[in-house]
Amino acid sequence: MTNHGFPDEQREGLYRAIRERRDVRSQFLPDPIAPQILARLLQAAHLAPSVGFMQPWDFLVIDSIEIKRAVKTLYEQANADAANNYSGDRAAQYRRLKLEGIVDSPINLCITCDRQRGGPHVLGRNTMLETDLFSTCLAVQNLWLAARAEGIGVGWVSIVDPALLAETLKLPAHVQPVAYLCLGYVSEFLPKPELEIAGWRSRLPLEQLLHGNTWDGQIEDDALLSAVRNPHDT
Ligand SMILES: Cc1cc2c(cc1C)N(C[C@H](O)[C@H](O)[C@H](O)COP(=O)(O)O)c1[nH]c(=O)[nH]c(=O)c1N2
């Protein structure tokens, strides 16, 4: 069998980016991102797979402090509402979390989805209409991983009313904001998700997620399961 895999060091670099990518809120530095580097990140995003090769994304690069402040206000409104989902200690803990870096980060980037791109029918998007949104999320993830490799932190802010965000960014009606991202160099990349460090929620064991175990409770004892339990043996 021909092995088209990457050499060990390159493969490890990719896995490292996946392992060490973080959602960044609290560690942004004001240092600017050079246009060449931002362009590399956007290229990485644009190479994402998309349903029927629809490429439904656009990239709104925002450095205007006025727009950042307007989005921060939307966040504050939505976050005050979100806090009402909790009570007691959990509500107090929620209110202590920092869940955005909109003004602290030098660049904000809104990745949108043009739901009409490619015309009325796009190959592969007949039964699952959301596949254009899924495709846009893959562009986000490409950018997020490339940014980690460049030493740039990315934070996703979804605690905003999407209709108000679309209005603030003057998006046409058929263009949906999918990801509002904060980008910048960081003082550090945390070793674990910030929510895990804060004691909000921890990572589920992968073995628990195999074969639908989270809902039927049956763990099948097969070779895959044992490899998942002991990844270092492989
Ligand atoms: C679709 C979507 C939306 C959001 C997020 C992520 C994704 C995928 N995350 C980040 C999220 O909290 C984070 O990914 C997890 O806590 C895991 O941490 P790491 O990304 O591994 O550091 C996020 N974080 C935050 O502080 N404010 C937010 O509004 C959001 N919204």
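Everything quoted here is computed from the prediction, not taken from an experiment.

Procedures and definitions
- Residues numbered from 1 in each chain as written.
- Predicted model: local features only at pLDDT ≥ 70, side-chain atom pairs only at ≥ 80, totals over all residues.
- Heavy atoms only, no water.
- UniProt positions renumbered as here; feature names shortened; annotations may be inferred.
- Helix = DSSP H or I, 4+ residues; strand = E, 2+ residues; numbered from the N terminus.
- Pairing = 2+ DSSP bridges.
- Axes fitted to C-alpha atoms, helices over the stretch in contact; angles between N-to-C directions.
- Contact = heavy atoms within 4.5 Å.
- Disulfide = S-S within 2.5 Å.
- Salt bridge = Lys/Arg side-chain N within 4 Å of Asp/Glu carboxyl O.
- Buried < 20%, exposed > 50% of the residue type's maximum accessible area, 1.4 Å probe, protein only.
- Core = buried A, V, L, I, M, F, W, Y, C linked by side-chain atoms within 4.5 Å.

What about the UniProt feature "domain: Nitroreductase" (unreviewed entry) in the protein?
Here is step 1: Feature annotation in UniProt places "domain: Nitroreductase" (unreviewed entry) on residues 18-185, given in this structure's numbering.
Here is step 2: Helix makes up 42% of residues 18-185 and strand 18%, and the two end C-alpha atoms of the span are 18 Å apart.

Digging into the sheet that holds strand E1 (residues 57-62)
Here is step 1: Overall, antiparallel pairing links the four strands, which are arranged E1-E2-E4-E3 in an open sheet. Lying at the two open borders of the sheet, with one neighbouring strand each, are E1 and strand E3 (152-157). Taken pair by pair, the neighbouring strands of this sheet meet at an average axis angle of 25 degrees, ignoring direction.
Here is step 2: Taken together, the six bridges between E3 and strand E4 (residues 175-185) define a ladder with antiparallel strand orientation. Each bridged residue has a counterpart across the sheet, and for Val 154 the counterpart in E4 is Leu 183.
Here is step 3: Against the sheet, helix H2 (residues 35-46) contacts E1, strand E2 (107-114), E3 and E4, and its axis sits at roughly 160 degrees relative to E1.

What to know about the state of the cysteines
Here is step 1: One pass over the full model with this rule turns up zero disulfides.
Here is step 2: Here Cys 110 is not cross-linked by a disulfide; its sulfur's nearest cysteine counterpart is in Cys 182, at 11 Å.

Some points on the environment of Glu 66
Here is step 1: Position of Glu 66 relative to the elements: it lies in helix H3 (residues 65-83).
Here is step 2: Expressed as a C-alpha distance, the spacing of Glu 66 and Val 24, which sit 42 residues apart in the sequence, is 22 Å.

What about the pattern of salt bridges?
Here is step 1: Scanning the model with the defined rule gives 14 salt bridges in all.
Here is step 2: In this structure, the salt-bridge partner of Arg 40 is Glu 150, at a minimum N-O distance of 2.7 Å. Remark: Glu 150 occurs in helix H5 (residues 131-150) and Arg 40 occurs in helix H2; sequence separation between them is 110 residues.
Here is step 3: Of the residues examined, Arg 40 reaches a relative accessible area of 45% and is grouped as partly exposed.
Here is step 4: Ionic pairing is found between Arg 125 and Asp 132, a salt bridge with its closest N-O pair at 3.1 Å. Just as Arg 125 is buried, Asp 132 falls in that class too.
Here is step 5: Linked through salt bridges whose partners overlap, the residues forming this network are Lys 72, Lys 98, Glu 100 and Asp 104.

Topic: the nonpolar core
Here is step 1: Tyr 75, Tyr 94, Ile 102, Leu 165, Leu 169 and Tyr 180 are the most contacted members of the largest nonpolar core, which has 27 residues in total.
Here is step 2: For this core, the secondary structure elements donating two or more residues are H3, helix H6 (162-168) and E4.
Here is step 3: Of the residues forming this core, the biggest block, six residues, is contributed by H3.
Here is step 4: Residues contacting Tyr 75, with those up to four places away along its chain left out, are Leu 99, Glu 100, Ile 102, Val 157, Ile 159 and Val 160.
Here is step 5: Counting residues in hydrophobic clusters, the runner-up holds 24 residues, among them Leu 41, Ile 111, Ala 147 and Ile 152.

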